[in-house]
Amino acid sequence: MGKIHLLLKKEEINEQKLREGSKIAVVLDILLATTSITSALKDGAAHVIPAESCEIAKVRFDEDDSGGMLLAGESDAQPVAGFVYPSPKVLRRQVSGKTLILATTNGTVALAKADAAKKVYASSLLNNFAVAEAISEEDGDPTIVIICAGNSGEFSLEDFYGAGHLIDCLQKTGRKSYELTDAALAALLFFQTKRDNAEEVLGNSYVGGLLARHGLSDELTFAAGLDSIHIVPVYKNGLISAAKACK
């Protein structure tokens, strides 16, 4: 029997513990990093390079002069000069055929810290089922560590909801049985009570309210599209690429 752990914010990541055994990490930043990553890969991005800061992203971008990269980022949900704002709607117009260098306040930092695990997925409400299917095909009974990116050290309602959705998807694949920690069970129960209210949950979250005030309510609608994209983003050797999704 596999085990599912849930970390409520990226600050809870213990990289040493992630290295132990054969752990699979799944990072969720519903608003918006992992949603944007999933969408960008669907829209034709060749790869995504997550950066821990805008400064690191800019250095990486400046190292490449081929014109094949797109630089996107935000800081505390605010636009950054010289960077494309990393929302799916904005990226969709520019990302096809490009390698996206992405820096966000929470999601890309969480991905970098999760790199200690044997395998790392980026997931969202859009593609949780596709990721769950891929995990169900892994050999043995791996320990799954679901990581909510959170919001600058604080709990994020939307990531907690996304974690519950992912756990629900893992159970629905039916290929493995899982033992849930209390946090994982709480997320599952929360999702199950709000299964049909994804957009409402996102809108009621702190970050959701912030995006709405900045005129990005349509991004909330998009991010709430449960199981709408069959993309499995895998993070390896500094790159996120789309693996073959199970059908």
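That block above? That's the structure.
Note that the coordinates shown come from a computational prediction; the quantities given were computed from them, not determined experimentally.

Thresholds, definitions, all that
Residues numbered from 1 in each chain as written. Predicted model: local features only at pLDDT ≥ 70, side-chain atom pairs only at ≥ 80, totals over all residues. Heavy atoms only, no water. Salt bridge = Lys/Arg side-chain N within 4 Å of Asp/Glu carboxyl O. Helix = DSSP H or I, 4+ residues; strand = E, 2+ residues; numbered from the N terminus. Buried < 20%, exposed > 50% of the residue type's maximum accessible area, 1.4 Å probe, protein only. Axes fitted to C-alpha atoms, helices over the stretch in contact; angles between N-to-C directions. Parallel < 35°, antiparallel > 145°, perpendicular 65-115°, else oblique. Contact = heavy atoms within 4.5 Å. Nonpolar A, V, L, I, M, F, W, Y, C, P; charged D, E, K, R; others polar. Left-handed = near helix turned anticlockwise from the far one by under 90°.

Enquirer: When you look at the pattern of salt bridges in this model, what are you seeing that I'm missing?
Expert: Note on pairing: side chains with opposite charge can pair once their charged atoms come close. Counted under the stated rule, the structure contains 9 salt bridges. Between Glu138 and Lys119 there is a salt bridge, and its shortest N-O distance comes to 3.2 Å. Of this pair, Glu138 sits in the loop between helix H6 (128-136) and strand E8 (143-148) while Lys119 is found in strand E7 (residues 119-123), placing the two residues 19 residues apart along the sequence. You can call Lys119 partly exposed: its relative accessible area is 31%. Taken together, the salt bridges that share partners define one network made up of Asp168, Lys172 and Arg195.

Enquirer: Help me understand the packing of helix H7 (residues 157-173) against helix H8 (residues 182-193), please; the structure alone is not making it clear to me.
Expert: The packing of two helices is summarised by the inter-axis angle and the distance between the axes. Axis separation between H7 and H8 bottoms out at 7 Å; the angle between their running directions is 90°. Taken together, the axes of H7 and H8 are roughly perpendicular relative to one another. On H8, the residues touching Leu157, Phe160, Tyr161, Ala163, Gly164, His165, Ile167, Asp168 and Gln171 of H7 are Ala183, Ala184, Ala186, Ala187, Leu188, Phe190, Phe191 and Gln192. Residues that form the contact of H7 with H8 fall into these classes: 12 nonpolar, 4 polar and 1 charged.

Enquirer: For this particular structure, what's the right way to read the packing of H6 against H7?
Expert: Contact pair H6 / H7: the axes reach a minimum separation of 8 Å and the direction vectors enclose 50°. If you check the angle between H6 and H7, you find them oblique. The two elements H6 and H7 meet at a crossing, and its hand is right-handed. Packed against H6, whose contacting residues are Asn128, Phe129, Ala132, Glu133, Ile135 and Ser136, the element H7 presents Gly162, His165, Leu166, Cys169, Leu170, Lys172 and Thr173 at the interface. Classifying every residue of the contact of H6 with H7 by side-chain character gives 6 nonpolar, 5 polar and 2 charged.

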